Each structure stands twice: as structure tokens, then as C-alpha cells.
Amino acid sequence: MYAVFFVAASLAVIALVANATRLMFAPRRERRSERARSRADVAQAPSDAGFDHQDEQSGVGELTHRCYGVEVPRATFTRQTLIQAIELRMCELPPAGLADFEKSSGSAARMDVGDEYDITMLGPWNGRVRVAEVTDTSFTLVTLDGHPEAGHIAFSVEEVPTRPSVLKVKIESWARARDETVQAAYATLSVGRRVQTEVWVTFLQRVAEFTGSTAVPEVDIQSEELTS
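A brief structural summary. (Residues numbered from 1 in each chain as written. Predicted model: local features only at pLDDT ≥ 70, side-chain atom pairs only at ≥ 80, totals over all residues. Heavy atoms only, no water.)

Here we look at the pairing of strand 7 (residues 149-159)
Look at any regular strand and the pattern is simple: side chains alternate between the two faces of the sheet.
For step 1, the next point in the chain: Within strand 7, nine of the 11 residues are buried, which leaves the element mostly enclosed by the surrounding structure.
For step 2, the next point in the chain: Across five bridges, the pairing between strand 6 (residues 138-143) and strand 7 is antiparallel. Residue Thr140 lies in a different strand from strand 7, and its bridge partner there is Ala154.
For step 3, the next point in the chain: Where strand 6 hands over to strand 7, the hairpin turn is made up of five residues, of which Gly146 adopts a positive phi near 100 degrees.
For step 4, the next point in the chain: Of the pairings in the sheet, the one linking strand 7 to strand 8 (residues 166-177) comprises 11 bridges and is antiparallel in character. The partner of Ala154 across the bridge, within strand 8, is Glu172.
For step 5, the next point in the chain: Linkage of strand 7 to strand 8, two consecutive antiparallel strands, is achieved through a turn of six residues. (Buried < 20%, exposed > 50% of the residue type's maximum accessible area, 1.4 Å probe, protein only. Helix = DSSP H or I, 4+ residues; strand = E, 2+ residues; numbered from the N terminus. Pairing = 2+ DSSP bridges.)

Given below as C-alpha cells:
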């Protein structure tokens, strides 16, 4: 099992370079910061995530907290209407070839708690996620049995107090590797993390595009390895 997974992950590295060059090296503005062993508070997954949710406690290795953010014009959107637009475009916004989202449970016309998505990612990183929470300005997905990670990811739209003409769209995740095999592949090849970064950066830039941004926006990326 380990050998098969590792070979597939290695092939994914080759595919990432061969098939995703445009995404990897396209002009973009990113501001990154990384902190090791932060003691930041860990947000908990919604309580009704389901019995088959792979929560953070079930994974292995250090818990990683990542936050991606982008500011977009608010001329035609409120916080509520923008998160609704993102919900309806959930399968369109990720970059094809790196991550394909398909809604396997729930209505195509809206997002509700209990809806599920099948995710096919470059390499052996396929998995399922479930909508565990939906509010007026956010929604949260949790990883299910078999997903390479154990944790949850939240999408939200926030006000920017100092800049009333924009809204901030955030994607924030808390996750560990599912098991030792995935952890080893992450540590040795780093391809899973790299693919994820490209997926969410492109996702946010596409949000900025449909909200009316005329230039490639700056994507803020923060990453922390949490000790607890």
C-alpha cells in the first residue's frame, strides 16, 4: 500500500510540472507568511459533521492551519450574496486538472448542510467532503473517511473596516495527514500541499474575476504548524 501510494504521489509531481505550468508560473501577487509551532487557537469543526468525519484528532503528525485571503470589489455584492455565489460555483472555481469537484449529494441550486462533494485531485489525493455548516456569510466542509487529510475547511466573506469598497474572501483550513503513508508523502514530496495551494489561490482569483477585479489580486497565504 505504501509503495503504491508513494509511486502515485511521485507521478503526481511529474504531472504537476507537465500539466500545470500555466497555473504554477502565471503572473500573480501573493504575500506569504509561515510560522512554526504556533499556539494559536484551533477552530473546532461543527458538531454535526457526521460519524464518518475524519476530524483533526484522528489524523497523524502536526496540525496545520492555513489561511488564504483575497480582497474583492463589493460594487455588485453584499457579504451574503457573494457567499451564495461562491456556493453555487463551488464546482467551477477550482482549476480543472488540479482539482475537480463534483456534487454527489444535494441540490445543484443551493448548498445545504449534508451536501457532499467528490474531489479528484492531481495524484492519489482523492476524497469526499461534506457541508457541515452554512451561515449567511460562510460555509464549512469536513473531510470524510478516505480523504487524504483529517480536518475541516471554512469559506467566509468578511468586511474590511478600513476599506469599505471591498470585501475579503477567506479560505481557512485545519488538518492533519490521514495516516502515516500520507504524512510520509507530504513530508518527502510536498506535492499534496503544493497542489492545494495552487487550487485555492486560483479559486480566489476566479472569485475576484467574477466580482469585477480588473487586475490579478494579491492573495495572502498564511501557514502555521500547531503543536496542539
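Anyway, onward from the coordinates.
Examining empty space enclosed by the protein
For step 1, the next point in the chain: With the rule as written, the count across this model stands at one cavity of 30 Å³ or more.
For step 2, the next point in the chain: Its volume calculated, the largest cavity comes out at about 270 Å³.
For step 3, the next point in the chain: Lining the largest cavity are 20 residues; nearest its centre among them are His147, Glu149, Ile153, Gln196 and Trp200.
For step 4, the next point in the chain: At the level of secondary structure, the elements contributing two or more residues to the lining of the largest cavity comprise strand 2 (60-73), strand 3 (99-105), strand 4 (116-121), strand 6, strand 7, strand 8 and helix 5 (191-210).
For step 5, the next point in the chain: Sorting elements by how many residues they give to the lining of the largest cavity places strand 7 first, with four residues.
For step 6, the next point in the chain: Across the lining of the largest cavity, the residue classes break down as 12 nonpolar, six polar and two charged. (1 Å grid on protein atoms, 1.4 Å probe; cavity = no way out; pocket = protein on both sides within 12 Å on 5 of 7 lines; lining within 4 Å. Points joined across faces, edges and corners; volume = space filled by probe spheres on them. Nonpolar A, V, L, I, M, F, W, Y, C, P; charged D, E, K, R; others polar.)

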